[in-house]
Amino acid sequence: MKIAILPGDGIGPEIMNEAVKVLEALGEPFEMETAQVGGAGYAAHGHPLPDSTLKLANEADAVLFGAVGDYQYDRLERALRPEQAILGLRRELGLFANLRPAILYPELAGASTLKPEVVSGLDILIIRELTGDIYFGKPRGVRECPDGPFKGQREGFDTMRYAEGEIRRIAHVAFQAARKRDRRVTSVDKANVLETFQFWRDIVSDVHKEYADVELEHMYVDNAAMQLVRAPKKFDVLVTGNMFGDILSDAAAMLTGSIGMLPSASLDANNKGLYEPSHGSAPDIAGKGVANPLATILSAAMMLRFTFGRSEQADRIEAAVKRVLAQGLRTPDIYEAGTSKVGTREMGDAVVAALQ
Ligand code: IPM
Ligand code: MG
């Protein structure tokens, strides 16, 4: 069980320390090796995804990833910016299936900005296609505008595209995931405007023929955004493309009140995976010891479940997280009056203690 540990930037190293501590406390023969990525990769090796880091990620069975990005790297040319590390890992490792659960822990019902009755008991799973769409489509760039009223001016352009096989494989992931849940899939598209997403809708419907036991509904992305804040509990599994999934998963995360609680998994065709918290590097609070490590700890649990098939250890971590919440321990992002405010390290220590 070889794990590549990529802490990254900002709060990445702090939260990763706690996740590693929890993994070590399980008493399993993990082999963990750390490498730099993102701004830290650029600072050490001149590239956000150094060759040595990519090699380690390729050799490992799973990657545990912190977060990347920091103000000081914002002015670098696009190819050298920290975000390229995560995009490069997704592409190079073929991590096409991104699973982003949005679960509201009952103890945190008050942390959501939505009314408790709208979100209490929320448990939805967003499945985002991760290696296609306008994120990776070519051609792209800035060129001279070839026609129309702005002819001759510069224009920026990207290409939205999905191959049939790309849609089929993510649809299978969604229907299979739904079979382990409430057997309902909502496929989110923009078929009323975009050719790419009419095609998406047709292919998802075709794959659905193999899953008569799962209910399929199609929904336009604008309506899905509205339903997510109006009646989010109506959803079970949402499946969508890379761009829409990026946006909707942030909205879904906020339903739960704290993005600091949400793990994610990005899987290839053989369940090799990269696991990371859904939140970013939060450079404004980096180094202060106040970041919430639970999303990273819960990402480690997802890794145990999906890549290593050790569900009982994943359950152990998840139960420990529930226990520390029940004990009233809260990092500042989820703090409410009447609970006990703790820092990153104390929260990690409490999860380790609750494992026993
Ligand atoms: C995410 C992030 C990334 C994305 C960025 C950092 C490239 O927003 O994982 O959702 O857009 O996919
Ligand atoms: Mg995003």
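Note that the coordinates shown come from a computational prediction; the quantities given were computed from them, not determined experimentally. (Residues numbered from 1 in each chain as written. Chains lettered and ligands numbered in written order. Predicted model: local features only at pLDDT ≥ 70, side-chain atom pairs only at ≥ 80, totals over all residues. Heavy atoms only, no water.)

### Comments concerning the overall build of the protein chain
Which entries qualify depends on this criterion: The secondary structure listing takes helices from DSSP runs of H or I that are at least 4 residues long and strands from runs of E that are at least 2 residues long, numbered from the N terminus. It is over C-alpha atoms that the radius of gyration is taken, and the globule rule equals 2.2 Å times the number of residues to the power 0.38. To sort residues, take the accessible area from a 1.4 Å probe on protein chains only and compare it with the maximum for the residue type: under 20% means buried, over 50% means exposed, and anything in between is partly exposed. Any pair of residues with heavy atoms lying within 4.5 Å of one another is described as a contacting pair. Positive charge is attributed to Lys and Arg, negative charge to Asp and Glu, and no charge count is given to His or to the chain ends. The atom standing in for a charge is NZ when the residue is Lys, CZ when it is Arg, CG when it is Asp and CD when it is Glu.
From N to C terminus, the protein chain includes 12 helices and 14 strands. In terms of overall size, the protein chain behaves like a compact globule, its C-alpha atoms giving a radius of gyration of 20 Å where 356 residues would be expected to give roughly 21 Å. Projected onto its principal axes, the C-alpha positions of the protein chain cover 65 × 50 × 40 Å. Looking at the 356 residues of the protein chain, the share that counts as buried comes to 55%. Across the protein chain, contacts joining residues at least 24 apart in sequence account for 75% of those joining residues at least 6 apart. Taking the average place of the 40 positive charges on the side chains of the protein chain and the average place of its 49 negative ones, the gap between the two points comes to 2 Å.

### Let's talk about helix α4 (residues 83–93)
All of the buried residues in α4 are Ala85, Ile86, Leu87, Gly88, Leu89, Arg90 and Leu93. If you follow the buried residues of α4, they end up packed against β1 (2–8), α3 (51–59), β3 (62–67), β4 (97–103), β5 (123–129) and β12 (273–277). A positive backbone phi angle near 65° is found at glycine 94, which sits one or two residues after α4.

### Some words on the packing of helix α10 (residues 294–306) against helix α11 (residues 311–326)
To be explicit about the condition: Inter-axis angles, ranging from 0 to 180 degrees, are taken between N-to-C directions of lines fitted to C-alpha atoms, where helices are fitted over the stretch in contact. Here is the rule for angles: anything less than 35 degrees is roughly parallel, anything more than 145 is roughly antiparallel, 65 through 115 is roughly perpendicular, and the remaining ranges are oblique. A crossing counts as left-handed when the near helix is turned anticlockwise from the far one by less than a right angle, and as right-handed when that turn is clockwise. For this scheme, ten residues count as nonpolar: Ala, Val, Leu, Ile, Met, Phe, Trp, Tyr, Cys and Pro. Four count as charged, namely Asp, Glu, Lys and Arg, and the remainder, Gly too, count as polar.
Relative orientation of the contacting elements α10 and α11 amounts to 160°, with a least axis distance of 7 Å. It follows that α10 is roughly antiparallel to α11 by the angle criterion. Crossing of α10 over α11 shows left-handed handedness. Taken together, the residues of α11 that come into contact with α10 (itself represented by Leu294, Ile297, Leu298, Ala301, Leu304 and Arg305) are Ser311, Gln313, Ala314, Asp315, Ile317, Glu318, Val321 and Leu325. Of the residues belonging to the contact of α10 with α11, the class tally is nine nonpolar, two polar and three charged.

### Comments concerning the UniProt feature "binding site: substrate" (unreviewed entry) in the protein chain
Operational definition: UniProt positions are given in the numbering used here, feature names are shortened, and annotations may be inferred rather than shown by experiment. Each polar contact in these results corresponds to two N or O atoms within 3.5 Å; when the atoms are within protein, one needs to be able to donate a hydrogen and the other to accept it, and residues that are neighboring in sequence are counted only if both atoms are side-chain atoms.
When the UniProt feature table is mapped onto this chain numbering, "binding site: substrate" (unreviewed entry) sits at Arg90, Arg100, Arg128 and Asp222. A maximum C-alpha distance of 26.5 Å shows the annotated residues, which cover 133 residues in sequence, to be distributed over more than one spot. If you trace the backbone, arginine 128 turns up in strand β5. By relative accessible area, which is 1% here, arginine 128 ends up buried. Setting aside residues no more than four positions away along its own chain, arginine 128 makes contact with Arg90, Phe96, Ala97, Asn98, Arg100, Tyr135, Ile170, Thr240, Gly241, Asn242, Gly245 and Asp246. A polar side-chain atom of arginine 128 sits 3.3 Å from a polar atom in the side chain of tyrosine 135. Of note, aspartate 222 is situated in helix α8 (residues 221–230).

### Let's talk about the domain arrangement of the protein chain
Note the cut-off: By convention here, the domain bounds are inherited from an automatic or database domain assignment. By convention, the term buried area covers the 1.4 Å-probe accessible surface removed from two parts as they join, with the contributions of both added.
When cut into domains, the protein chain gives domain 1 (1–96 + 268–356) and domain 2 (98–132 + 166–263). For domain 1 and domain 2, the distance between their C-alpha centres works out to 23 Å. Contact residues are listed per partner, giving 24 residues for domain 1 and 22 residues for domain 2. In this assembly, domain 1 packs against domain 2 so that about 2,000 Å² is buried in total across both faces, 66% of it on carbon and sulfur atoms.

### Notes on the packing of α3 against α4
Between α3 and α4, the shortest axis-to-axis distance is 11 Å and the interhelical angle comes to 45°. The pairing of α3 with α4 is recorded here as oblique in orientation. Crossing of α3 against α4: the hand is right-handed. Two secondary-structure elements touch here, α3 through Leu54, Ala57 and Asn58 and α4 through Leu89, Glu92 and Leu93. Residue classes in the contact of α3 with α4 are distributed as four nonpolar, one polar and one charged.

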